[in-house]
Amino acid sequence: MKKAIIGIVLCSILLIGCNTTEVLESEQELVFSQGNVENDGISNLISELKNEIIVSITEQTELESDSLTIMIDGGTDELTVSVGSPKDAKIDDTLIQQIVEDSIKNVSETNTVTTSEKKIKVKIKIEKY
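Described in the following lines is the structure provided in the data block. None of the values given here were measured: they were computed from a predicted structure.

Thresholds, definitions, all that
Residues numbered from 1 in each chain as written. Predicted model: local features only at pLDDT ≥ 70, side-chain atom pairs only at ≥ 80, totals over all residues. Heavy atoms only, no water. Core = buried A, V, L, I, M, F, W, Y, C linked by side-chain atoms within 4.5 Å. Buried < 20%, exposed > 50% of the residue type's maximum accessible area, 1.4 Å probe, protein only. Helix = DSSP H or I, 4+ residues; strand = E, 2+ residues; numbered from the N terminus. Contact = heavy atoms within 4.5 Å. Pairing = 2+ DSSP bridges.

**With respect to the nonpolar core**
Item 1. Among the nonpolar cores identified, the biggest contains 23 residues, and Ile 53, Ile 57, Val 81, Val 83, Ile 96 and Val 100 are the most heavily contacted of them.
Item 2. Elements with a minimum of two residues in this core: helix H3 (42-60), strand S2 (69-74), strand S3 (78-85), helix H4 (93-110) and strand S4 (117-128).
Item 3. Dropping the residues within four chain positions of it, Val 83 is found in contact with Ile 53, Ile 57, Thr 69, Ile 70, Ile 96, Val 100, Lys 125, Ile 126 and Glu 127.

Written out as structure tokens, the structure reads:
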């Protein structure tokens, strides 16, 4: 009985240790028109950012859009962009991070059309699942 309990405990420790996800984090700034936030444009901005990230990753890697998980969370002062890809994908996390950073810059450049600008701090998380 004691051997079975010890075996279960050891298996649990090994399984928990093997299921950790790799996370790469960085921060960026997203600059956009102040008027966009006041007119509920933040949801449009988030949608545009998500689409830009998906298109950029699928164009620059062999990953399909349905194998990616992208979550963008936050408000008018700070956003968190989490991008997940399969562990077995042979794509470097730093490449995905660079693609996300470039996407943020692209969206930022296309949304600054007025003189009043707002900066949002964007935290990027790249994970393997």
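**Points about the side chain of Ser 103**
Item 1. Relative to the elements of secondary structure, Ser 103 occurs in helix H4.
Item 2. Ser 103 gets classed as buried once you look at its relative accessible area, which sits at 0%.
Item 3. Apart from residues lying up to four places away in sequence, Ser 103 is in contact with Leu 49, Glu 52, Ile 53 and Ser 56.

**Quick look at the pairing of S3**
Item 1. For S3, the tally of buried residues reaches six of eight residues, placing the bulk of the element in the interior.
Item 2. Both S2 and S3 contribute to a ladder of six bridges, which runs antiparallel. From the neighbouring strand, Asp 73 faces S3, where its bridge partner is Thr 80.
Item 3. Hairpin geometry of S2 and S3 is characterised by an intervening segment of three residues between the two adjacent antiparallel strands.

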